[in-house]
Amino acid sequence: MVVLGTRGGIQPWLALALTYLLTVLHCLTSQGASCNPCGSLEQWLRARAPGIHIILRVGAQFVGAVLSQVLMPFIWLLRLSPLHELDGECKSPLNMTPWQGALVEMACALALFLALHVLPRVESQYRPHVVALTITAIVCVDVTVSQKSKLRKFTDRHIGTPK
């Protein structure tokens, strides 16, 4: 959604609002779910799930990733959105090197971990909103960092690097 906001598909404030609403909905309906292998591994390390379940879950996540990589180019060819016609091919909106992206991802994961660490002390009716606000703030900061990186690359290329 944030990619749509930064690429002109929807307003950035709407992308952030949808991020918040979908995160609240996810928190209310999908407790205990993990969306990536690291989350699954964490459940195993904390003895919240047996090893065979984690192996099956991680296997399903990798199968989903491979299917997505294979099928998404065909879905983009359907031109279901005007954004599909912008570049001719899907490009990463990170506007930074993989190492910079990994560093930002690690910082975001740490921020989310620290917020979730205090979550048990929050009253249960407020927990989904604390998680949603944290994730929305992380997305907002991530977009800001990504856009600054894009601006830096533009100025370096067109103005020159300072000496």
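Model, not experiment: these values are computed from the prediction. (Residues numbered from 1 in each chain as written. Predicted model: local features only at pLDDT ≥ 70, side-chain atom pairs only at ≥ 80, totals over all residues. Heavy atoms only, no water.)

Some words on the overall build of the protein
Counting secondary structure elements, the protein contains six helices and zero strands. The order of helices and strands in the protein, counted from the N terminus, is α-α-α-α-α-α. Within the protein, buried positions represent 18% of all 163 residues. Partitioning the contacts of the protein with sequence separation of at least 6, the portion at a separation of at least 24 is 55%. As displayed, the protein has an accessible area near 12,200 Å², and 69% of this comes from carbon and sulfur atoms. (Helix = DSSP H or I, 4+ residues; strand = E, 2+ residues; numbered from the N terminus. Buried < 20%, exposed > 50% of the residue type's maximum accessible area, 1.4 Å probe, protein only. Contact = heavy atoms within 4.5 Å. Areas by Shrake-Rupley, 256 points an atom, 1.4 Å probe, with all protein chains shown as cover.)

Concerning a nonpolar patch on the surface
Taken together, the side chains of V63, V66, L67, V70, L71, M72, F74, I75, L77, L78 and L80 present a nonpolar region at the surface, about 1,100 Å² in accessible area. With respect to the helices and strands, the residue V63 is situated in helix 4 (residues 51-77). A relative accessible area of 48% places V63 in the partly exposed class. (Patch = residues over 30% accessible without salt bridge, like charges linked within 9 Å, V, L, I, M, F, W, Y side chains within 5 Å. Salt bridge = Lys/Arg side-chain N within 4 Å of Asp/Glu carboxyl O.)

Focus on the side chain of S40
By the secondary structure assignment, S40 is in helix 3 (residues 37-45). For S40, a relative accessible area of 0% puts it in the buried group. Among all residues touching S40, those that are not within four sequence positions of it are S34, I54, R57, V58 and Q61.

Digging into the side chain of T134
Considering the arrangement of structural elements, one finds T134 in helix 6 (residues 127-158). Apart from residues lying up to four places away in sequence, T134 is in contact with A111, L112 and A115.

As for the UniProt feature "transmembrane region" (unreviewed entry) in the protein
Residues given the UniProt feature "transmembrane region" (unreviewed entry) here are residues 59-78 and 99-120. Across residues 59-78 one finds 95% helix and 0% strand; the C-alpha atoms that close the span lie 29 Å apart. As annotated, residues 99-120 has a helix share of 86% and a strand share of 0%, and its two end C-alpha atoms lie 33 Å apart. (UniProt positions renumbered as here; feature names shortened; annotations may be inferred.)

Quick notes on unusual backbone geometry
Most peptide bonds are trans, and most residues other than glycine sit at a negative phi. Positive phi, normally seen in glycine, also occurs at A47, with a value near 60°. The residue A47 is located in the loop between helix 3 and helix 4 in this model. We classify A47 as exposed; its relative accessible area is 68%.

Focus: the pattern of salt bridges
One pass over the full model with this rule turns up one salt bridge. With its nearest N and O atoms 3.0 Å apart, the salt bridge here joins R46 to E42. Classification of R46 by relative accessible area gives partly exposed; the value is 42%. Given a relative accessible area of 34%, E42 falls into the partly exposed group.

What to know about helix 2 (residues 12-29)
Taking 1.5 Å of rise per residue, 18 residues should cover 26 Å, and helix 2 covers 26 Å from first to last C-alpha, within 8% of that figure. Of all the residues in helix 2, the buried ones are A15, T19, T23, V24 and C27. (Expected span 1.5 Å × (residues − 1).)

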